[in-house]
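Commentary on secondary and tertiary structure
So the chains spell out like this:
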Amino acid sequence: MMPDPLQQPARIQADMVIRNIGQLVTVAQHPVPGASGPLQVIDKAAVALHDGVIVWLGRDDENEPMFQHDAGNAVGEIATIDAQGMVVTPGLVDSHTHLVFAGDRSEEFHLRRQGVSYGALLAQGRGILTTMQATRGADTQTLTKLATGRLHTMRNHGTTTVEVKTGYGLDKVTEQTCLRIINNLNAMETSPSYEYSRVRVVPTFLGAHSVPPEYRDKRDAYVDLVIEEMLPSFVGLARFCDVFCEREAFSPDESRRILTRAKELGYLLKIHADQLSASGGAKLAAELGATSADHLDFASDADLDDMREAGVVATLLPGCSYTLRDPYPPARRLLERGLLVALATDFNPGTSYCENMQLMLGLAMSAMGMSLEEALTAATINGARALALHEMTGSIEVGKRGELAFWSIADYHEIGYHFGVNLVHSVFIAS
Ligand code: NIG
Ligand code: FE
């Protein structure tokens, strides 16, 4: 006799189940049954996926639903991954990096130990322009190899989504080459050891990073070049347009001109804002509806309030403060004013030569007074917001992509506390 369909237990379509998770730190934005605390943690958990999308999460016990994998008319296999009791969080989202460059600036790093400031080096035509020379002189293969190696290091430390900026070409050909390299990282990045590990790479055009030497005495012409030639040519190659709005780089008026045109062309906007001085970047980010404003060390309360009202994510980059021996960004002030705070590495050869988001989590807690909950939120879902990808990634919830970090720790409270070593065992990124 056929069983009564109404008596059948509910079956969920899934092609993969991750079992035996010690703690599943979901960072969910909607209530999850069986989860507790602000990060919505589930002990002894499992996650089921179908076509790379999370379809179920909950306790790994006898009460979990039945999974079924219909592959056409046949019954498909359901792959199982054993998490071996590890802690699982959303993959870390590094929403601000300058990954593509050649050369290094160790000489400047050590000069700064002797008291020479970052701003002074920039004003002397060193800093960003030193890296520009090395980058212009490198071929595509070399730049790709360097970027790929850095991406592997990021992934090995738990990053599953990374934003990558141009900004060391500063001419149309080299900026375009760098954008192509960044786009190719998406296609070519594969893990030597893990089947499901393609980091999501988000390209950003930062032609307005510095005025190149050939335009030193005609900076307006460089701004025109960015607006009239580079921006229209790079539509489709970059999701974001960013500008370094700073005394030594681009004024608020120049930044406004560039970003306004970028917005018309369909780019989303970011600004390097108020990093070295009160540059007006945060205010401009609010005015133009940028997705994020980054750094914000010198932003005023009024500008921060404008940012909050405009829904601009505040991205903090403690690696710069660490390297430049500057005060840390005012995270508590921002959180108390109700801003959405993200954390990122700002990986670059001048101010933050570090691929490791775990160190940013540690600095956020130890040097900036953020709680574990605030810091982990900033390094996952708020990083995804800073990339306008929060519908897709940044938390472990039904409907999101399976992008997870596996931590070889017994309890997630070790994050930030146990620092300077790599606590991440591996990442899982659904293909
Ligand atoms: O985010 N401030 C501008 N850009 C980078 C530094 C780039 C460099 O020094 O090469 C930053 O800190
Ligand atoms: Fe930066």
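These notes cover the structure that comes with them. All chains use their own residue numbering, which begins from 1 and follows the written sequence. Chain letters start at A and ligand numbers start at 1, both assigned in the order the entries are written. Side-chain atom pairs in this predicted model are given and counted only at pLDDT of 80 or more, local residue features only at pLDDT of at least 70, and totals for whole chains, interfaces and linings cover all residues. Excluded from the side-chain calculations are hydrogens and water; all other atoms, namely the structure's heavy atoms, are used.

Once that is clear, we can look at the side chain of Glu 254. Where helices and strands are cited, they refer to DSSP runs of H or I of at least four residues and of E of at least two residues respectively, numbered from the N terminus. When you line up the elements, Glu 254 lands in helix α7 (residues 252-264). The definition of a polar contact used here is a pair of N or O atoms within 3.5 Å, where within protein one atom must be able to donate a hydrogen and the other to accept one, and adjacent residues in sequence count solely through side-chain atom pairs. For Glu 254, the side chain forms a polar contact with the side chain of Arg 219, separated by 2.8 Å. The contact partners of Glu 254, leaving out residues within four places of it in the chain, are Arg 219, Asp 220, Val 223 and Ala 249. It only takes one pair of heavy atoms within 4.5 Å for two residues to be counted as in contact.

A few words on the packing of α7 against helix α8 (residues 281-288). One way to put it is that α7 packs onto α8 with a least axis distance of 11 Å and a crossing angle of 25°. The angle between the axes of α7 and α8 places the two elements in the roughly parallel class. Crossing hand, α7 versus α8: right-handed. Seen from α7, the contacting residues are Pro 252, Ser 255, Arg 256, Leu 259, Thr 260 and Lys 263; seen from α8, they are Leu 284, Glu 287 and Leu 288. Residues of the contact of α7 with α8, tallied by class, amount to four nonpolar, two polar and three charged. Angular values range over 0 to 180 degrees, each being the angle between N-to-C directions of two axes fitted as lines to C-alpha atoms, with helices fitted over their stretch in contact. In what follows, roughly perpendicular refers to angles from 65 to 115 degrees, roughly parallel to angles under 35, roughly antiparallel to angles over 145, and oblique to any angle outside these ranges. Each crossing gets its handedness from the near helix: less than a right angle anticlockwise from the far helix is left-handed, clockwise is right-handed. Put simply, Ala, Val, Leu, Ile, Met, Phe, Trp, Tyr, Cys and Pro go in the nonpolar bin, Asp, Glu, Lys and Arg in the charged bin, and everything else, Gly too, in the polar bin.

Further remarks concern the nonpolar core. Membership of the largest hydrophobic core comes to 104 residues, with the highest contact counts inside it found for Leu 296, Met 307, Leu 361 and Trp 407. With seven residues, the top contributor of residues to this core is helix α6 (residues 219-233). Setting aside residues no more than four positions away along its own chain, Met 307 makes contact with Ala 282, Ala 286, Ala 293, Leu 296, Val 312, Val 313, Ala 314 and Leu 339. Core analysis: the next-biggest nonpolar cluster, separate from the first, contains 21 residues, Met 16, Ala 28, Val 47 and Ile 396 among them. Take the buried residues of types Ala, Val, Leu, Ile, Met, Phe, Trp, Tyr and Cys, join any two whose side-chain atoms come within 4.5 Å, and each joined set is a nonpolar core. Under the scheme applied here, a residue whose accessible area is under 20% of the maximum for its type counts as buried, over 50% as exposed, and between as partly exposed, the area being computed with a 1.4 Å probe on protein chains only.

Lining the immediate surroundings of ligand 1 are 16 residues, of which Arg 105, Tyr 118, Tyr 168, Asp 346 and Thr 351 lie closest. For ligand 1, an oxygen atom lies 2.7 Å from a polar atom in the side chain of Arg 105. Note that accessible areas follow from Shrake-Rupley with a 1.4 Å probe, and for residues the cover is restricted to the protein chains shown. Within the complex, the protein chains bury 100% of what would otherwise be the 330 Å² of accessible surface of ligand 1. In terms of residue class, the shell around ligand 1 is made up of five nonpolar, nine polar and two charged. Any residue with a non-hydrogen atom lying within 4 Å of a molecule or strand is treated as near it.

It is worth spelling out unusual backbone geometry at this point. Although it is not a glycine, Gln 40 sits at a positive phi angle of roughly 50°. Examined against the element boundaries, Gln 40 turns out to sit in the loop between β2 (16-25) and β3 (41-50). The backbone of Leu 296 sits at a positive phi, close to 70°, despite the residue not being glycine. Among the structural elements, Leu 296 can be located in the loop between β15 (292-295) and α9 (301-310).

Within the fold, Pro 232 resides in helix α6. Residue Pro 232 is classed as partly exposed on the basis of its relative accessible area of 35%. Separated by 67 residues in sequence, Pro 232 and Lys 165 have C-alpha atoms that sit 17 Å apart. Setting aside anything within four residues of it in sequence, one finds Pro 232 in contact with Val 226, Ile 227 and Leu 265.

Another point: empty space enclosed by the protein. Only protein atoms enter the 1 Å grid, on which a cavity is a set of points fitting a 1.4 Å probe that cannot get out and a pocket is an open set with protein on both sides within 12 Å along at least 5 of 7 lines, lining residues being those with an atom within 4 Å of a point. Grid points are joined across faces, edges and corners, and a volume is the space filled by probe spheres set on the points. Inspection of the entire model under this criterion finds two cavities of 30 Å³ or more. The computed volume of the largest cavity comes to approximately 100 Å³. In terms of lining residues, the largest cavity is bounded by 14 residues, among which His 98, Tyr 118, His 209, Asn 348 and Thr 351 are the most central. Taken together, the residues of the lining of the largest cavity sort by class into four nonpolar, eight polar and two charged. Considering only enclosed or pocket space, the second largest cavity measures out at about 80 Å³ in volume. Around the second largest cavity, the lining residues are Asn 356, Gln 358, Leu 359, Gly 362, Trp 407, Ile 415, Gly 416, His 418, Phe 419, Gly 420, Val 421 and Leu 423.

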